[in-house]
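Secondary and tertiary structure notes
Each chain, letter by letter, is given below.
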Amino acid sequence: MWGAALWGSVDDVPTEITAKTSETPIFGDVYTYGEINRRSSPYVSFAQDVTARTIPGTGYEFSFWVKLSDDYIGAPEDERAVEFAPYYKDANGKENYSMVLTGTYEKVLEPGVWTEFSGLVGLPYDATGFVIRIVEQGTDYGKGRCVLGSYAVTGVKLSPSVYPVIPSYRSGSNNQVITKEATCEVGYELKDLSVDWASATAAKEDNKLKVSFTNNYDEVRLKLPRTLDMSTCAYIKVNVSSQNVPIAVKLYRKGQQVDVAYYNDIKTSCLITAMTSILR
């Protein structure tokens, strides 16, 4: 049963999610959907606690369809973005919103058009609770501009994945909790790596790579100098000299995430001096 996150009301009328039926198929043979309206806050969204149906230390495949209402006609792109934004509770009951996600989990939508989202989410080993959310919260994570319009969701699926998307490092190099075994190590110097693609700014300085991020989810993709059998890779790590934003270093095999390492100690700038992949 979906619930409207952060209760909320407009003119003392509680926000509700209404079951509706489309006159034509939305996808396949699916006609039904849920619509949320009368939102009083950007944080009022589709939310469901799936703790009882999930297992910590497991990756899950997710998929769903979303449609924005006509309330969003004429709104700028940053006010038409919908995101799959789950969170989990750790052993201390603290809510953590930085989860491992791959695939299409955030997208700018056109009003009135059903759009599919799908990907993978990793539930950490120390999770004691898990809530999935499908949010439209405007700009600045709900603190800026927001249409507060109605939107609809259908076809929500969450199932265990065969891909290992659970972090092997937690909180980066100062709190390394290895969850996978390894038998040998392959190391790379910065001079051996090339930038394959980047939305962030990347420049080599004194045999170090300086990365500057402007937007959320900016990234730099580095190409390895030789082919590795990624099916045998256990985890990845880098040497980070200093940083002023949290970063995640991810290892991919054929477009699917194999592992991720988090570096959350904020200092001055992000300088990557070497990359190491560990093989089973």
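This is a predicted model, so every value here is computed, not measured.

Turning our attention to the pattern of salt bridges. A full pass over the atoms with the stated rule returns six salt bridges. Taken together, the shared-partner salt bridges connect D78, E79 and R145 into one network.

Here the focus is the nonpolar core. Grouped together as the largest cluster of nonpolar side chains are 26 residues, with contacts concentrated most on V66, F84, V121, I134 and Y151. Secondary-structure elements contributing two or more residues to this core are β7 (58–68), β8 (81–84), β13 (115–123), β14 (129–135) and β15 (151–160). Residue contributions to this core peak at five residues, all from β7. I26, Y33, W65 and A152 belong to the second largest nonpolar core, which has five residues in total.

Further remarks concern the environment of A203. If you trace the backbone, A203 turns up in strand β18 (residues 201–205). By relative accessible area, which is 33% here, A203 ends up partly exposed.

As a further point, take the packing of aromatic side chains. Enumeration according to the criterion identifies eight aromatic pairs in this entry. Arranged with centres 5.3 Å apart and planes meeting at 70°, the rings of F46 and Y151 form a pair that is edge-to-face. Remark: Y151 occurs in strand β15 and F46 occurs in strand β6 (residues 46–49); sequence separation between them is 105 residues. Using a relative accessible area of 1% as the deciding quantity, one classes F46 as buried. Judged by centre distance (5.0 Å) and plane angle (10°), the ring pair of F64 and F117 falls under stacked. Of this pair, F64 sits in strand β7 while F117 sits in strand β13, placing them 53 residues apart in sequence. Take F64 and F117: they sit in the same class, and that class is buried. When the ring centre of Y33 is taken as origin, the NZ or CZ atom of K67, which lies over that ring, is 5.7 Å away.

Reading the values: rules and limits
Residues numbered from 1 in each chain as written. Predicted model: local features only at pLDDT ≥ 70, side-chain atom pairs only at ≥ 80, totals over all residues. Heavy atoms only, no water. Salt bridge = Lys/Arg side-chain N within 4 Å of Asp/Glu carboxyl O. Core = buried A, V, L, I, M, F, W, Y, C linked by side-chain atoms within 4.5 Å. Buried < 20%, exposed > 50% of the residue type's maximum accessible area, 1.4 Å probe, protein only. Helix = DSSP H or I, 4+ residues; strand = E, 2+ residues; numbered from the N terminus. Phe/Tyr/Trp six-rings, centres within 6.5 Å; stacked < 30°, edge-to-face > 60°. Lys NZ or Arg CZ within 6 Å of the ring centre and 35° of its normal.

From the geometry alone we can't say anything about function, so treat these as descriptive.
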